[in-house]
Amino acid sequence: MKKTGEKESIFTRLNDTNLLLSITIIVFLVMYLGAIFIQGGGFTKPQMLFNILNANAALIITSCGLSIVMITGGIDISVGGVVALVSMCCAVYLDSPNGGSIPVSILIALGIGLAYGIVQGFLVAYLDIQPFIVSLAGMFFARGMTTIVNTAPFNVANQEFVALKDTRINVPGLGSYTRKGIYVPAYVEIGVIVALVIVLLLFVVLRWTKLGRSFYAVGGNKQSALMLGINVKRTKFMSHLICSVLAGIGGYVYFLHVGSGAASHAMGMEMNAIASSIIGGTMLTGGVGNIIGTLFGVLSLCTIQAIVSTAGLDDAWWTGITVAAMLCLFLLIQSVVMIQKRKALKS
Amino acid sequence: MKKQNIIIRAVSNQLFIPIIALVILTIINLIHDPSFFRPTLVVNNAGNVVLSGSLITILDFGSELAILAIGMTLVTAASGGQDISVGATIAIAGSAMLRVICGGVARPSENAHSVLLAFFVACLVGAACGLFNGTLVAVFKVQPMIATLILFTAGRSIAAWINHNELPIVPDPKFGYFGGVIPGIPIPTTVFIALGCIIVIALLLKFTNLGLYTQAVGINEKSARLNGINPIAMKILAFVILGLCVAIAALIKVSRLSTINYSVIAKDIEMDAILAVALGGNALSGGKFNMWASILGAYIIQYLTTTLYTLNVQSDALAAYKAVVVIILVVFSAPTVRDGCGKLIKKLSPARKEAA
């Protein structure tokens, strides 16, 4: 057993989650530092990082939800549709002639997410229908409903909302000087705070609560989870519920960032969320994954996009190709790591 | 007693759901507008006499879906997953085809190469995409949906890159025959292309072990290997066949317009193709399949789309109605619901007997 020595100990000491997580963080750091030293320009300013966060707070939230579903061994491709539906409904409500209030619009967002979660969770967990098909139908439904609610895209003029949208929170100690020598503090939007709170909350839930542990157990091996006395159906239901509610919150954050409703909002967001989760080390087979990894997955994905667009390669096709190449790379890493590990355990 | 058996047997038949869907759609159309079923002869823009009407539309626009459904059924059966990159690979294959025909010039005055050569290149490209997906799935054991996510993300970008983001227009009007009509024949050419593909796959399933081996791999990979079937080769083969289907569908799609729009061509067709397989009552988790049910499913989806259009549903809102139909379908085909229904029928039948 001990003959294989070093190699075996590396692979067995780090568990799957931590191994994949460290790969992701290292790749992100290398990429970002590379961007700073090679590309320079905007990347040297801290605001660049915060801009990436500002633009992608919604993606972080939806990716976290998706990670939980994927850890439990399912998939949900309806999140992009839910985001579009939420922003459209909130936009229509806030722009209604009687004027809408912010708290009610937040309730609308949560309500849509909750309704989606209950229906999809019930179909997947209690009727044993494939999650892919259920959420496929969910995506169709959300996209269709968005155009039924309102066809034309429009900006929201509600004053309370615009004030909330433009709220900027300065980051203490970070900032940069413009060419004229004026100090501009770095800022984040409210959505980023929401996203980071959710990341922390989910990290705690996944790590230290019974529910979080049962997600891993069900995703790892359904049969043995059942034998351990875990309510598999309820766990699956909960994972879809959380994912859809997070999609609802993500939808509101997205809406807060763009300030408009349109049927074409968040197109392809589900695929970006899945890609981020995978890059962040969530295994598709279930049972392995980490919320912090997902956060770094989103950051890596968006940094690549930022690098591509600032490098002057902004012919639209480059983004698609680089993201796909990165996804491919990480899938291969995952696959190779798992095969190696299995070999290491066998010998 | 005999009557009850017939009911149970009919309900458990794989073709039950597609046929019920067909009947319901037909009833809706009969009530709404019976002229739906009456094909008429009209003269089209080019001066040819062609058949027209909703039924012809279904056969015409359902053909690429039916062709894709053939490949998708094999992939589903062999790998237990679905290929979501077909729309994007149609864009790649179509783009390659245009590059060969137009020779890299946006507005050529004549074809640089023959259509046959272009189609051959498209087939190669389609097969190469299939090989890529198949290798990831079979060798690297990546889930099919995620492996194909790569081409799904990159496909349309690659397609744009092949033609340097230009939209070449094929000068030769004969190229339009594949997606339109050949002068003198009133039926759309696509119907014949689809028929050809169906005949080829029927012969393949009849005279080779393709069907049997694919099902064996899908049901139990390990025991298939122990019986001397190479599961890796079978999975890759399924993806390559789907790649060829994609190339044929790309020919039809590009020919309809004589040009290409990278972001719109064959958009969401992967979803329709997967639905066709599901609608045909095939298990999406792989294993046994029924090719005819899938093909029927493809035409039913086109039937549904055309029906919704005649009911004046907006094209953007179409997705919501389709989603409702899909949910109803999957709920009824879910094993738990089926068991429940079976018990219900059994409970009801003795009561009926007593009443009689």
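Residues numbered from 1 in each chain as written. Chains lettered and ligands numbered in written order. Predicted model: local features only at pLDDT ≥ 70, side-chain atom pairs only at ≥ 80, totals over all residues.

Peer 1: Quick rundown of the overall build of chain B? Include the residues and the values.
Peer 2: Scanning chain B from N- to C-terminus turns up 14 helices and two strands. A compact globule built from 356 residues should have a C-alpha radius of gyration of about 21 Å, and chain B, at 22 Å, falls within 12% of that. Along the three orthogonal principal directions, the C-alpha set of chain B runs to about 80 × 55 × 40 Å. A fraction of 76% describes how many contacts in chain B between residues 6 or more apart in sequence connect residues 24 or more apart. (Helix = DSSP H or I, 4+ residues; strand = E, 2+ residues; numbered from the N terminus. Rg over C-alpha atoms; globule rule 2.2 N^0.38 Å. Contact = placed C-beta atoms within 7 Å.)

Peer 1: Run through the overall build of chain A, naming residues and quoting values.
Peer 2: When you go through chain A residue by residue, the secondary structure sums to 14 helices and four strands. On C-alpha atoms alone, chain A measures out to a radius of gyration of 21 Å, which is about the 20 Å that the 2.2 N^0.38 rule sets for 347 residues. Overall, the C-alpha framework of chain A stretches about 70 × 55 × 35 Å when taken along its three principal axes. For chain A, the proportion of its 347 residues judged to be buried stands at 49%. Pairs at least 24 apart in sequence give 77% of the contacts found in chain A among residues at least 6 apart. (Buried ≥ 20, exposed ≤ 12 C-beta atoms within 10 Å, placed from the backbone.)

Peer 1: Could you give an account of the packing of helix H3 (residues 46-71) of chain A against helix H13 (residues 291-310) of chain A, with specific residues and numbers?
Peer 2: Residue and element names in this part refer to chain A. At a minimum axis distance of 9 Å, the contact between H3 and H13 shows a crossing angle of 140°. Here H13 runs oblique to H3, going by the angle between their axes. At the point where H3 passes H13, the crossing takes the right-handed sense. Touching Ile 52, Asn 56, Leu 59, Ile 60, Ser 63, Cys 64 and Ser 67 of H3 are Ile 291, Thr 294, Leu 295, Gly 297, Val 298, Leu 299, Cys 302, Thr 303 and Ala 306, all from H13. Across the contact of H3 with H13, the residue classes tally to ten nonpolar, six polar and no charged. (Axes fitted to C-alpha atoms, helices over the stretch in contact; angles between N-to-C directions. Parallel < 35°, antiparallel > 145°, perpendicular 65-115°, else oblique. Left-handed = near helix turned anticlockwise from the far one by under 90°. Nonpolar A, V, L, I, M, F, W, Y, C, P; charged D, E, K, R; others polar.)

Peer 1: An account of the interface of chain B and chain A is requested, with residue identities and associated values reported.
Peer 2: In this assembly, 39 residues from chain B lie in contact with 33 residues from chain A. Those elements giving two or more residues to the side of chain B that touches chain A turn out to be helix H6 (144-162), helix H11 (269-279), helix H13 (318-333) and helix H14 (335-355) of chain B. In terms of residues, the side of chain B that touches chain A owes the most to one element, H6 of chain B, which gives twelve residues.

Peer 1: Describe the confidence of the model for chain A, and please don't skip the residues or the numbers.
Peer 2: Summary statistics for chain A give a mean pLDDT of 83 and a share of 93% for residues scoring 70 or more. When the criterion is pLDDT under 50, residues 1-9 of chain A qualifies, and its contacts beyond four places in sequence or with other chains add up to three contacts. (pLDDT = per-residue confidence, 0-100.)

Peer 1: How would you summarise the nonpolar core if you had to cite specific residues and measurements?
Peer 2: Generally speaking, soluble globular proteins have nonpolar side chains that are buried together. Judged by nonpolar contacts, the single largest core of 213 residues is most densely connected at Leu 327 of chain A together with Ala 69 and Met 97 of chain B. It is helix H10 (residues 231-257) of chain B that provides the largest number of residues to this core, a total of 18 residues. Sequence-distant contacts of Leu 327 of chain A, defined by excluding residues within four places in its chain, comprise Ala 275, Ile 278 and Ile 279 of chain A together with Leu 149, Ile 150 and Thr 153 of chain B. (Core = buried A, V, L, I, M, F, W, Y, C linked by C-beta atoms within 7 Å.)

Peer 1: Would you mind going over helix H6 (residues 131-149) of chain A in detail, with residue names and values included?
Peer 2: Between its first and last C-alpha atoms H6 of chain A spans 26 Å; for 19 residues at 1.5 Å apiece the expected length is 27 Å, and the two agree. A large share of H6 of chain A lies buried, amounting to 17 of its 19 residues. (Expected span 1.5 Å × (residues − 1).)

Peer 1: Explain the packing of helix H3 (residues 54-79) of chain B against helix H12 (residues 291-310) of chain B to me, using residue names and the numbers behind them.
Peer 2: Residues and elements named next belong to chain B. With their axes 8 Å apart at the nearest point, H3 and H12 run at an angle of 140° to one another. Between H3 and H12, the angle falls in the class oblique. In the crossing of H3 with H12, the sense of the turn from one axis to the other is right-handed. Contacts from Ser 54, Thr 57, Ile 58, Phe 61, Gly 62, Leu 65, Ala 66, Ala 69, Ile 70 and Thr 73 of H3 reach H12 at Met 291, Ser 294, Ile 295, Gly 297, Ala 298, Tyr 299, Ile 301, Gln 302, Tyr 303, Thr 306 and Thr 310.

Peer 1: How would you sum up the environment of Leu 299 of chain A? Please name residues and give values.
Peer 2: Residues and elements named next belong to chain A. Inspection of the secondary structure puts Leu 299 in helix H13. Judged by the 24 C-beta atoms lying within 10 Å of it, Leu 299 is buried. As for Leu 299 and Asn 56, which are separated by 243 residues in sequence, their C-alpha atoms are 8.5 Å apart. Leu 299 has contacts with Phe 28 and Ile 52, leaving out every residue within four places of it along the chain.

Peer 1: For the environment of Lys 236 of chain A, give the residues involved together with the corresponding values.
Peer 2: Residue and element names in this part refer to chain A. Tracing the backbone through its elements, the reader meets Lys 236 in helix H11 (residues 232-258). As a C-alpha pair, Lys 236 and Ser 214 span 22 residues in sequence and 9.5 Å in three-dimensional space. For Lys 236, the contacting residues outside a window of four places in its chain are Thr 72, Gly 74, Val 124, Ala 125 and Val 218.

Peer 1: Give me the lowdown on unusual backbone geometry, citing residues and values where you can.
Peer 2: All names here are of chain B. Within the chain, Ser 258 stands out as a residue other than glycine whose phi angle is a positive 60°. Backbone geometry places Asn 312, a non-glycine residue, at a positive phi of 65°. Following the sequence through the fold, Asn 312 ends up in the loop between H12 and H13.

Peer 1: Provide a residue-level description of the confidence of the model for chain B, including the pertinent values.
Peer 2: Per-residue confidence for chain B gives a mean pLDDT of 85; residues scoring 70 or more make up 94%. Here the complex is predicted with pTM 0.82, and the ipTM for its interfaces comes to 0.75.

Peer 1: So what's going on with the environment of Phe 332 of chain B? Which residues, and what values?
Peer 2: All names here are of chain B. Mapped onto the elements of the fold, Phe 332 is located in helix H13. Judged by the 14 C-beta atoms lying within 10 Å of it, Phe 332 is partly exposed. What Phe 332 contacts, discounting residues up to four positions off in sequence, is Ile 17 and Val 337.

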